[in-house]
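Listed here are the chains, written in short residue letters.
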Amino acid sequence: MINARRGTADVMNNVLLATLPAALIATWFYGPGIALNLLICCGTALLCEAAISLLRARPYGTTFPDHSALVAAVLLALCLPPLLPLWLPVVGTAFAIVVGKQLYGGLGQNPFNPAMVGYAALLIAFPREMSLWPAASGELSWGISALLQDYSTLNWDAISGATALDAINIALRADLAIPSIALWQQPASFVAVAWLCGGLWLLYRGIIGWQIPLGLVAALLVLSTAFYLGDSARYASPLTHLLAGATMMTAFFIATDPVSAPAHWQARLLYGAAIGLLIYVIRSWGSFPDGAAFAVLLMNLCAPTLDHLWRGRRR
Amino acid sequence: MSRASVFHGGVQLPPNKVPVQLPTARLPLQFRYDIPLTTRGGQYSAPHVELGSQVLGGELIAGGRQRVGVHAPTSGTVTEIHAEGEDRRIVLIADGEQRSLPPRAALAPENATLDDLREAGLAGMGGAGFPTADKLNATQQHPPKLLIINAVECEPQISCDAQLIAEDCETLLLGADWLRRFVGATACKIVLEEHNSSSKKTLDRALLQSGYPHLSTVSVPTRYPAGSERQLVHAITGTALAAGARPLDAGVLVQNAATVHALGRWARDGSPLTERLVTVTGERCLQPQTLWCAIGAPISALLTHAGIAPGETTLFQGGPVMGFALPNADTAITKHSQCIRLEAPAKPLDTLACIRCGDCADACPEDLLPQQLHWQLLGNSLPGAQAERLSHCILCGCCDLVCPSNIPLSQQFALGKSDMRLRQHTEQRAAKAKLRFDARALRLEAQERERLAKREKRKAGAAKPDKKKALAEALARSRAKKAKPAPTDAGQKND
Amino acid sequence: MLAIVVFSLLCAAAGLLLWFAARRFAVEGNPLVDEIEAVLPQTQCAQCSFPGCRPYAEALAKGEAEINQCPPGGEAGVRALAELLGKDVIPLNVEHGETKAPLLALIVEADCIGCTKCIQACPVDAIMGAAKQMHTVIASECTGCELCIPPCPVDCIVLVPATGIQP
């Protein structure tokens, strides 16, 4: 039997491998809470897949080998703050896998990116918990001691530090000049670089196409540069937009999910650009500090239309 | 002597070619030959012999108007004629004397007709089996500028053409130039795969020695499906064929090398197509080789000749991509059996759901989006699939080869295409029926109007004379009618 | 005050737009009948109790007929009609006949007396012949509607399965 294929599981394994740098760097900066989230999310995802397989009377072996649930779980876990109550990642992952993926028919049938479905659900239902990011210390011991404390008695004011996008969002809503942000002091920047590395590796391996990341980054860059040049006191710098928040992760890992993206390369370019545009719009004029998840979900909605518009076109 | 440009997509496959061995082996004389009368989907040749006929090798035993000639591979007696049903064939029992018809003098292309080619039994030997004369028919009105001789065996394992070139490239060149002159092409290119450099060397050397100024060789990249007609034309001329266009529309005629070789033989001494090179290979084949086999020889004899390794075996005809499993070895070699493969049974692969990764779109040589086609056909949407250009699919199977989820895409597309054809057929018939129904309704209406108008006129004419006279006339008319019934001329009414 | 003015203007603009669209994209006749007719198989067999596919389509458009009266269309036809008219898929009404494989009428020429009755019955003019001359069915035009069979006084018309697509 001849073939020239790479298995679906191989594709997913490659994606999992590519998330490794970001996972390590995030754990280094934000403490073992990140690793714990990862474990909880992965475990929940596998349990949910098994439960659904049981309910649908499908042998577990035919749904598991694709590893796609693990990818969704890992991507979701790496969006979550490290000191969440432990049941929140469970709820989020279950929502992502059951509602975001399996209720639509499982692998390949979901119109939305499951990880973003879970993230958006958590963000809307638990906005306070989801926005509490500790100021990073780079010390493991701190993270462990924080983890061991009772969540309710944790002195948040003492340990939390607003992320760059939070600070910008607060300033924008208060109609103030945005604070200047030293990107190299922000742990998020280092995590973003790690995502970029993983993404470039995926590109090199041919797992993802260049169109969506390029469209997304280019659109975000063009918009932020234009507004920054127009009024640098009100609008954050282009580099801030690229390195803060979930830009890099979205560009290379979330938006590139082929299941919920359009098929034609031109449509993909447009899809990526539209996500970039939405991210900028939500960040600059919306009420959420980072709009990546909503931007992706909104464009997921448009993917079938894009496919329809590009129907029958040559490459 | 140039390198061709590249078409989109395709798949790099390991060649795994059976090495060329000289001299070429020949399947020994068999006791029984089942000579097929089928050319291609529903076209059958009519037997020209009777039960018990004694025939010579090369004698025409079946044919007919617009039908491809079938010839006896050796001398012997006709013992069975199956001229009805699906599996039409003539059974010949060889007498072992191997007597043949005497050769005729060489025939110049100017003196040959399409019917001659048809009678010579020439049909596409590259796998399709399409009658060569039918293919050349369109060249009569539109002579192609370029003749392409397709010696690209892009499917792995098959090496009939390489063997043919190594053994007898003179006849191939003769056939190529003969065909070029026959169709009126100005140039002729023999196309080979890049990895097949030894064949190219042989051909180039023979071209230097012989005087064929219009012939040249070209290499195309070793990439499946480089040997597919549309892709080949793209690679050689540099422009992709429009959707649904045939190579001839671009002024190109593509002919398989084995067919051209058979044509060369026939042109030289009149020997018809009664044998071909067949590659026997596969994991379970002890001595993989390419050998001459008479058309009609049993496949089982070929297998015995090449040797079968022990263990469970699946038998295939054709290459590993386009080939299909044969239920048993009882069938015979046909004009388009390129390759017989003995393989170990393949482990069935688990099919997963499509993740729309797009690998298939990257591999598709026709620039389709197979993932979208798959999606439309899963939803039973033929119009949707047609909008995604289902009819452009050439069923090469590249998408199957690269799909990470092991989805049998081309199988689904083949089904979709046949559904599509059926649907178009019924739609055409419905449109025609509607047209005729509407026309008939209009005609009936017009007739009715005419009839009413006539009656009105008659009434108007009859209203003037006094009533008594009219009554008397009517009575007289009815009496006359009763006496001699007027013939109802329904036929006239219906004109 | 400003809000009222703005909204009034907006309403007026939207109204103008709608008026323009109605004028610009006006459709002649009843497009639904054509759409329904396109779904029907055009056998013209009248098994639906209407004298042809067009009359059935008109009745369907008016809501005077059920979608399950067309045996040649079969289940697929019912499904297509249900989708087009936004109705539920219902099983075919057997009173109107059962779905058969496509058929062709064939005149047994030895028995034909040339009465022309079948010619008058054929809804698509697919029978050729003249009075006292042998008739024949034009196979490529015959829809297999069976309407020519009852009028034949000598029962010389038989139905054969249509061979499907000619290559």
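Here, the structure is the one placed above.
The shown structure was predicted, so the numbers you read here are calculated from the model rather than taken from an experiment.

S.K.: Give a detailed account of the pairing of strand β8 (residues 60–63) of chain B, specifying residues and quantitative values.
M.R.: Remark: a regular strand shows side chains that alternate across the two faces of the sheet. Residue and element names in this part refer to chain B. Bridging between strand β6 (residues 46–47) and β8 involves two bridges; their strand directions are antiparallel. By the bridge assignment for β8, alanine 46 is matched with glycine 63. Bridge count for β8 against strand β9 (residues 70–71) is two bridges, and the pairing is antiparallel. Residue pairing for β9: alanine 62 is matched across the bridge by valine 70. From the end of β8 to the start of β9, which pair antiparallel, there are six residues, and glycine 64 there has a positive phi angle of about 120 degrees.

S.K.: Mind laying out unusual backbone geometry, listing which residues take part and the relevant values?
M.R.: All names here are of chain B. Note the cis peptide between leucine 22 and proline 23, where omega equals -5 degrees. As for its placement among the helices and strands, proline 23 is situated in the loop between β1 (2–3) and β2 (25–26). The amide bond that connects tyrosine 224 to the next residue, proline 225, takes the cis arrangement and shows omega of -5 degrees. Its location among the elements puts proline 225 in the loop between β14 (215–220) and α5 (229–237).

S.K.: Account for the interface of chain B and chain C, naming residues and giving values.
M.R.: Counting residues at the interface gives 17 residues for chain B and 26 residues for chain C. For the pair chain B and chain C, the two sides together bury roughly 1700 Å², of which 50% comes from carbon and sulfur. For the chain B face of the interface with chain C, the top three residues by lost area are Arg436, Phe437 and Arg440 of chain B, together amounting to 34%. Scanning the region where chain B abuts chain C turns up five salt bridges. Here chain B and chain C share ten residue pairs in polar contact (both at pLDDT 80 or more) between them. Looking at the side of chain B that touches chain C, the elements with two or more residues in it are α12 (409–463) and α14 (490–493) of chain B.

S.K.: Describe in detail the interface of chain B and chain A, supporting the description with residues and values.
M.R.: Facing the 35 residues of chain B at the interface are 27 residues of chain A. Buried surface at the junction of chain B and chain A, summed over both partners, amounts to about 2700 Å²; 54% is from carbon and sulfur atoms. Here chain B and chain A share one salt bridge between them. The shortest N-O distance in the salt bridge between arginine 356 of chain B and aspartate 307 of chain A comes to 3.0 Å. Between chain B and chain A we count four residue pairs in polar contact (both at pLDDT 80 or more) in total. For the side of chain B that touches chain A, the leading source of residues is helix α9 (residues 370–378) of chain B, giving four residues. In terms of residue class, the side of chain B that touches chain A is built from 20 nonpolar, eight polar and seven charged.

S.K.: Mind laying out the arrangement of the chains, listing which residues take part and the relevant values?
M.R.: Contact analysis covers two pairs of chains in contact, and the most contacts occur between chains A and B. Between chain A and chain C there is no contact, and the shortest C-alpha to C-alpha separation is 20 Å.

S.K.: Talk me through the nonpolar core; I want residue IDs and the actual numbers.
M.R.: In this structure, Met116, Tyr119, Trp195, Phe253 and Ile275 of chain A are the most contacted members of the largest nonpolar core, which totals 88 residues. Counting 38 residues, the second-largest nonpolar core is a separate cluster that includes Ile149, Leu179, Cys188 and Leu207 of chain B.

S.K.: Provide a residue-level description of the packing of helix α5 (residues 68–77) of chain A against helix α6 (residues 87–99) of chain A, including the pertinent values.
M.R.: All names here are of chain A. Relative orientation of the contacting elements α5 and α6 amounts to 140 degrees, with a least axis distance of 10 Å. Comparing their axes, α6 and α5 come out oblique. For α5 against α6, the interelement crossing comes out right-handed. Contact with α5, carried on its side by Ala69, Ala72, Ala73 and Leu76, involves Gly92, Thr93, Ala96 and Ile97 of α6 and no other residues of that element. Its residues placed into classes, the contact of α5 with α6 shows six nonpolar, two polar and no charged.

S.K.: Residues and numbers for the pattern of salt bridges, please.
M.R.: Inspection of the entire model under this criterion finds 31 salt bridges over all chains. Across the pair glutamate 229 of chain B and lysine 135 of chain B runs a salt bridge whose closest N-O atoms are separated by 2.7 Å. With glutamate 229 of chain B in helix α5 and lysine 135 of chain B in helix α2 (residues 132–137), this pair connects stretches of sequence that are 94 residues apart. Linking lysine 434 of chain B and aspartate 438 of chain B is a salt bridge whose minimum nitrogen-to-oxygen distance equals 3.2 Å. Of the two residues, lysine 434 of chain B and aspartate 438 of chain B are both situated in helix α12; the distance of four residues between them amounts to about one turn of the helix. Taken together, the salt bridges that share partners define one network made up of Lys434 and Asp438 of chain B together with Asp34, Glu37, Arg54 and Glu58 of chain C.

S.K.: Quick one: what's the story with the sheet that holds strand β10 (residues 76–82) of chain B, residue by residue and with numbers?
M.R.: Residues and elements named next belong to chain B. With antiparallel pairing, four strands are arranged side by side in an open sheet as β3-β11-β10-β7. For this open sheet the edge positions go to β3 (32–36) and β7 (54–55), each flanked by a neighbour on one side alone. Two strands pair when backbone bridges link them, and β7 and β10 are joined in this way by two bridges, in the antiparallel orientation. Within β10, the position partnered with valine 55 by the bridge is glycine 76.

S.K.: Summarise the side chain of threonine 334 of chain B; cite the residues concerned and give the values.
M.R.: Topologically, threonine 334 of chain B is positioned in the loop between β19 (324–326) and β20 (339–343). The exposure class of threonine 334 of chain B is buried, given its relative accessible area of 17%.

S.K.: Quick rundown of the side chain of glutamate 141 of chain C? Include the residues and the values.
M.R.: Along the chain, the position of glutamate 141 of chain C falls in the loop between β3 (136–137) and β4 (157–161). A polar contact is formed between the side chain of glutamate 141 of chain C and the side chain of serine 140 of chain C, at a distance of 3.4 Å. Apart from the residues within four sequence positions on either side, glutamate 141 of chain C is in contact with Arg429, Lys432 and Arg436 of chain B together with Val124 and Ala126 of chain C.

S.K.: I'd like a rundown of a nonpolar patch on the surface, residues and numbers included.
M.R.: Residues and elements named next belong to chain C. Residues Met1, Ile4, Val5 and Leu9 make up a contiguous nonpolar surface patch of about 460 Å² in total accessible area. Tracing the sequence through the fold places methionine 1 in the segment before α1 (2–24). Here methionine 1 falls in the exposed class, since its relative accessible area comes to 75%.

S.K.: So what's going on with the sheet that holds β9 of chain B? Residues and values would help.
M.R.: On the basis of which strands lie adjacent, the open sheet formed by three strands has the order β6-β8-β9 (chain B) and antiparallel pairing. Two strands in the sheet have a free side with no partner beyond their single neighbour: β6 and β9 of chain B.

S.K.: Go over the pairing of strand β17 (residues 289–294) of chain B with me, naming the residues and quoting the values.
M.R.: Residue and element names in this part refer to chain B. Within β17, six of the six residues are buried, leaving the element largely enclosed by the surrounding structure. A two-sided burial pattern is seen for β17, the buried positions comprising Gln289, Leu291 and Cys293 on one face and Thr290, Trp292 and Ala294 on the other. Alignment of β2 against β17, held across two bridges, turns out to be parallel. Within β17, the position partnered with alanine 25 by the bridge is leucine 291. As paired elements, strand β16 (residues 275–281) and β17 share six bridges and run antiparallel to each other. Of the residues in β17, the one forming a bridge with valine 280 is glutamine 289.

Scoring rules and cut-offs
- Residues numbered from 1 in each chain as written.
- Chains lettered and ligands numbered in written order.
- Predicted model: local features only at pLDDT ≥ 70, side-chain atom pairs only at ≥ 80, totals over all residues.
- Heavy atoms only, no water.
- Pairing = 2+ DSSP bridges.
- Helix = DSSP H or I, 4+ residues; strand = E, 2+ residues; numbered from the N terminus.
- Contact = heavy atoms within 4.5 Å.
- Buried area = accessible area lost by both parts, 1.4 Å probe.
- Salt bridge = Lys/Arg side-chain N within 4 Å of Asp/Glu carboxyl O.
- Polar contact = N/O pair within 3.5 Å; in protein donor to acceptor, adjacent residues only side chain to side chain.
- Nonpolar A, V, L, I, M, F, W, Y, C, P; charged D, E, K, R; others polar.
- Core = buried A, V, L, I, M, F, W, Y, C linked by side-chain atoms within 4.5 Å.
- Buried < 20%, exposed > 50% of the residue type's maximum accessible area, 1.4 Å probe, protein only.
- Axes fitted to C-alpha atoms, helices over the stretch in contact; angles between N-to-C directions.
- Parallel < 35°, antiparallel > 145°, perpendicular 65-115°, else oblique.
- Left-handed = near helix turned anticlockwise from the far one by under 90°.
- Patch = residues over 30% accessible without salt bridge, like charges linked within 9 Å, V, L, I, M, F, W, Y side chains within 5 Å.
- Areas by Shrake-Rupley, 256 points an atom, 1.4 Å probe, with all protein chains shown as cover.

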